[in-house]
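Remarks on the overall topology
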Amino acid sequence: MNAGILSQIPLSVRFMLLSALAFSLMSACVKLVSADGIPVLEIIAARALVSLGLSYIDVKRKGISMWGHNRKLLLARGAIGTLALFCVYYSLITLPLAEATLLQYLHPMFTALLAFIFLGERVLHSTKVCITLSILGLLVMVLPGLGVDQQAALPWASIGIALLGALGSSIAYVIVRRLSNIEDVSVIILYFPLIALPLSIFLLGSDFVMPNFEGLLLLLFVGVFTQVGQVGLTKAMQSESAGKAAGYAYVQVIFAMLFGWIIFSELPSIWSWIGGSIIMIGALVNVLWKR
């Protein structure tokens, strides 16, 4: 019976749900391992090390060159992605899990604007609605910090860094869209850890902290869940029903709320519920309007 129900769910949707769950578990592991005093850059280095090994195996399995064709753009994608990841991880550590995840879902707004400026893509009516609702939802989420409800206020610095992370992710995504016409997806994925590992080690310097056994496991899981999430997302987007599957990516916010409540005893404030709902509606309008 369960197998019959599962078979009725499109494969692309199943991959997208798997991706959302994996990325949520990755976020929870980042927050847990940071509690042991592991610096953000060390977490990024550990994730990059695991991802580099898995991505290299994938490229070799396909029998293609790992260096790609447009190396300047690939290097830029890796560097910008690394800086964006630092911002994302910092926001995960310093904000409640649900709020940090919600702020990352402002990236469709940034992506649409960047694609309009650099790729000449037309801004659709659905995207205009998404941008308007994203800004409105963000304003509602930061209202407590303006004196409306100080008990529910979020740190301004963390909000700013989370927004930089969403912007950086959007820049990386626009670069990936340009690269996707000339590069294999495995090469694009490989270049991120190829740049992130040496860059994060260099910036980490002497701040390295030797993790205990539990910390090592969590760092390993950060890399593994990231890779599972990326593979699930790529498989979902390769499907004919990618547009339908994309709407299910926002289940990640629900997973984040559940893990935040169960693991970290975090309950979003009413302002986060309202603002987050507005952001989610905007994002879903952008995905589903075309259908």
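These notes cover the structure that comes with them.

The rules behind each value
- Residues numbered from 1 in each chain as written.
- Predicted model: local features only at pLDDT ≥ 70, side-chain atom pairs only at ≥ 80, totals over all residues.
- Heavy atoms only, no water.
- Helix = DSSP H or I, 4+ residues; strand = E, 2+ residues; numbered from the N terminus.
- Buried < 20%, exposed > 50% of the residue type's maximum accessible area, 1.4 Å probe, protein only.
- Lys, Arg positive; Asp, Glu negative; His and termini not counted.
- Salt bridge = Lys/Arg side-chain N within 4 Å of Asp/Glu carboxyl O.
- Contact = heavy atoms within 4.5 Å.
- Phe/Tyr/Trp six-rings, centres within 6.5 Å; stacked < 30°, edge-to-face > 60°.
- Patch = residues over 30% accessible without salt bridge, like charges linked within 9 Å, V, L, I, M, F, W, Y side chains within 5 Å.
- Areas by Shrake-Rupley, 256 points an atom, 1.4 Å probe, with all protein chains shown as cover.
- Core = buried A, V, L, I, M, F, W, Y, C linked by side-chain atoms within 4.5 Å.

Our next topic: the side chain of Arg47. Mapping Arg47 onto the fold places it in helix 3 (residues 40–62). The side chain of Arg47 is buried and forms no salt bridge, while Asp58, the nearest opposite charge, is found at 14 Å. Not counting the four nearest positions on each side in its chain, Arg47 is found in contact with Met26, Leu85, Tyr89, Phe192, Val222, Gly223, Thr226 and Gln230.

A separate point is the pattern of salt bridges. For the structure on display, the rule yields 3 salt bridges. For Asp58, the salt bridge goes to Arg61, with nearest N and O atoms at 2.6 Å. With Asp58 and Arg61 both in helix 3 and 3 residues apart, the pair spans about one turn of that helix. Lys62 is the partner of Asp184 in a salt bridge, and the nearest nitrogen-oxygen pair spans 3.1 Å. Taken together, the residues Asp184 in the loop between helix 8 (156–179) and helix 9 (185–204) and Lys62 in helix 3 connect sequence positions 122 residues apart. Residue Asp184 is classed as partly exposed on the basis of its relative accessible area of 30%. Residue classification places Lys62 among the partly exposed positions, given a relative accessible area of 35%.

Quick look at the packing of aromatic side chains now. Scanning the entire structure with this criterion turns up 3 aromatic pairs. Ring geometry for Phe86 versus Tyr90: centroids 6.5 Å apart, planes at 25°, classification stacked. Of this pair, Phe86 and Tyr90 both sit in helix 4 (residues 71–94), separated by 4 residues, roughly a single helical turn. Judged by its relative accessible area of 30%, Phe86 falls in the partly exposed class. A relative accessible area of 28% places Tyr90 in the partly exposed class. Summarising the aromatic geometry, the rings of Phe255 and Phe259 are spaced 6.5 Å apart at their centres and angled 20° between planes, so their arrangement reads as stacked.

Before going further, it helps to spend a moment on a nonpolar patch on the surface. Side chains of Leu18, Phe213, Leu217, Leu220, Phe221, Val224 and Val228 sit close together on the surface and give an oily, nonpolar patch of about 580 Å² of accessible area. The biggest single contributor to the nonpolar patch is helix 10 (residues 213–237), with 6 residues. Its place among the elements puts Leu18 in helix 2 (residues 11–34).

To continue, consider the nonpolar core. Soluble globular proteins: nonpolar side chains tend toward being buried together. With 54 residues, the main nonpolar core has Val30, Ile43, Tyr89, Leu92, Leu103 and Val222 as its most contacted residues. Contact partners of Val222, with chain neighbours within four places excluded, come to Met26, Cys29, Val30, Ile43, Arg47 and Tyr89. Counting residues in hydrophobic clusters, the runner-up holds 6 residues, among them Leu74, Leu179, Val187 and Tyr191.

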